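Letter by letter, the chains look like this.
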Amino acid sequence: MMTAESSPLSTHVYNTCDGVPGAKMDLSLHRLDSKLMIWTMISIGTTNEKGCCHGLISQEAFTPGMYKLRFETGSYWESLGQTSFYPYVEVVFTVRELSQRFHLPLLMSRFSYSTYRS
Amino acid sequence: MSAFRLQQLKGQLIPETKIPTMAGSPSPLTTHVLNTAMGVPGSNMTIRLYQQDLSTNVWTLITTGTTNDDGRCPGLITKQQFKPAVYKMHFETAQYWERMGETSFYPYVEIVFTITNPDQKYHIPLLVSRFSYSTYRGS
């Protein structure tokens, strides 16, 4: 089982409306096939009680390219009995240097969100 | 040209926010790009607005535009086109940074949002740097 320390890519979802981790949110990681120009799903995951999700991809599989993290934010808010302006959030990013680790948090409310690379 | 004549011409120009769309009224959907790394408007950024077909889920391009010096892009959609649906605003962020000789972590930014009441006004700003971005629903 991939540990948090060995995973080159991780995320952390935070519910800024309620000031709590965005727990139990489904998400998926995709890679763009640069020749066919289509997205291929690499893995799916769900954030834990702390809003974190590790183990989306192994170091070996994490090759340079364009990736997309898709967060099922609409479903998350529905499970809380709420609507949301965003049916989902997709963050598309480019990986050039594999020696680094990538942490892509998502801070979100029903009507806003932000992300950054750390 | 004299300063007086310049002042006369300036008074005859319609402020960009009031430029009507093809249907004769301002777009009910607006955006504003801000470059938070440099503290300036995100000008000359290409933006595309798409509308999703409810039955087929296919995206249809509604408008292609470029942000002005103020980081805004008037005339995104007409009131007639603006119906309840899922929309997507695509910002060519990497292209924007490349023009300034910089790379960006994000090749582009897409914000997908649901319009249930098209009678309201919606403002979708994008605050962007090379390694972060944020957005919110404004009005």
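Residues numbered from 1 in each chain as written. Chains lettered and ligands numbered in written order. Predicted model: local features only at pLDDT ≥ 70, side-chain atom pairs only at ≥ 80, totals over all residues. Heavy atoms only, no water.

1. Quick look at the overall build of chain B
So the rule is basically this: Helix numbers and strand numbers start at the N terminus; a helix is a DSSP run of H or I with at least 4 residues, a strand a run of E with at least 2. Contacts are residue-level and defined by heavy atoms, with any inter-residue pair within 4.5 Å sufficient. Per-residue and other accessible areas were derived by the Shrake-Rupley procedure at a 1.4 Å probe size, with only the shown protein chains allowed to occlude residues.
Across its full length, chain B holds two helices and eight strands. Secondary structure elements in chain B, listed N-terminal to C-terminal, are α-β-β-β-β-β-α-β-β-β. Across chain B, every contact between residues at least 6 apart in sequence was considered, and the portion connecting residues at least 24 apart equals 61%. Put simply, chain B shows about 7,400 Å² of open surface, and 54% of that area lies on carbon and sulfur atoms.

2. Quick look at the environment of Ser28(A)
All names here are of chain A. This is how it is decided: Any residue under 20% of the maximum accessible area for its type is buried, any over 50% is exposed, and the rest in between are partly exposed; the area is computed with a 1.4 Å probe on protein chains only. Nitrogen and oxygen atoms within 3.5 Å of one another constitute a polar contact, given that in protein one can donate a hydrogen and the other can accept it, and given that sequence-neighbouring residues count only through two side-chain atoms.
Note that Ser28 resides in strand β3 (residues 26-33). Given the relative accessible area of 5%, Ser28 is considered buried. Other than its neighbours up to four places away in sequence, Ser28 contacts Met41, Ser43, Ile44, Lys68, Leu69 and Arg70. A distance of 2.8 Å separates polar atoms of two side chains, one belonging to Ser28 and the other to His30.

3. Remarks on the side chain of Ser27(B)
Residues and elements named next belong to chain B. Relative to the assigned elements, Ser27 resides in the loop between α1 (3-12) and β1 (29-35). For Ser27, a relative accessible area of 10% gives the class buried. Polar contacts involving the side chain of Ser27 include one to the main-chain carbonyl oxygen of Leu29, which spans 2.6 Å. A polar contact is formed between the side chain of Ser27 and the backbone oxygen of Ile77, at a distance of 3.1 Å.

4. A word on the environment of Val91(A)
Assignment of secondary structure puts Val91(A) in strand β7 (residues 89-95). Given the relative accessible area of 1%, Val91(A) is considered buried. Taking the C-alpha atoms as reference, Val91(A) lies 14 Å from Gly65(A); in sequence the two are 26 residues apart. The residues touching Val91(A), leaving out its near neighbours within four places in the chain, are Tyr67(A), Lys68(A), Leu69(A), Phe71(A), Leu104(A), Thr115(A), Tyr106(B) and Tyr133(B).

5. Some thoughts on the sheet that holds strand β4 (residues 38-46) of chain A
All names here are of chain A. What counts, and what does not: One requirement defines pairing of two strands: DSSP has to find at least two bridges between them. For every element, the axis is a line fit to its C-alpha atoms; helices are fit only across the contacting stretch, and the angle between N-to-C directions ranges from 0 to 180 degrees.
The strand order across the open sheet formed by four strands is β4-β3-β6-β7, and the pairing between neighbours is antiparallel. Looking at which strands have only one partner, the edges of the open sheet turn out to be β4 and β7. Adjacent strand axes in the sheet meet at a mean angle of 20 degrees, parallel and antiparallel pairs treated alike. Across eight bridges, β3 lies against β4 in antiparallel orientation. Bridged to Leu27 within β4 is Gly45.

6. Let's talk about the UniProt feature "binding site: substrate" (unreviewed entry) in chain B
Residues and elements named next belong to chain B. Our working definition: UniProt positions are given in the numbering used here, feature names are shortened, and annotations may be inferred rather than shown by experiment.
On the UniProt side, "binding site: substrate" (unreviewed entry) is annotated at positions that read His32, Arg72 and Tyr136 here. Residue placement: His32 occurs in strand β1. Other than its neighbours up to four places away in sequence, His32 contacts Asp70, Gly71, Arg72, His123, Ile124, Pro125 and Leu126. From its side chain, His32 meets the backbone oxygen of Asp70 in a polar contact 2.9 Å long. Residue classification places Tyr136 among the partly exposed residues on the basis of a relative accessible area of 38%.

7. Notes on the nonpolar core
Quick note on the threshold: Among buried residues, those of type Ala, Val, Leu, Ile, Met, Phe, Trp, Tyr and Cys that are joined through side-chain atoms within 4.5 Å constitute a nonpolar core.
In this structure, Phe71(A), Phe93(A), Leu29(B), Met89(B), Phe91(B), Ile111(B) and Phe113(B) are the most contacted members of the largest nonpolar core, which totals 51 residues. In contact with Phe71(A), other than residues within four places in its own chain, are Thr11(A), Val13(A), Met25(A), Asp26(A), Leu27(A), Tyr88(A), Val89(A), Val91(A), Leu104(A) and Leu106(A).

8. Quick notes on the environment of Glu60(A)
Secondary-structure assignment places Glu60(A) in the loop between β5 (52-53) and β6 (65-71). Measuring from C-alpha to C-alpha, the distance between Glu60(A) and Leu98(A) comes to 9.8 Å, with 38 residues separating the pair along the chain.

9. Concerning the pairing of strand β7 (residues 122-128) of chain B
Residue and element names in this part refer to chain B. The element β7 is extensively covered by neighbouring structure, given that six of its seven residues are classed as buried. Note: β1 against β7, seven bridges, orientation parallel. The residue of β7 that forms the bridge with Thr30 is His123.

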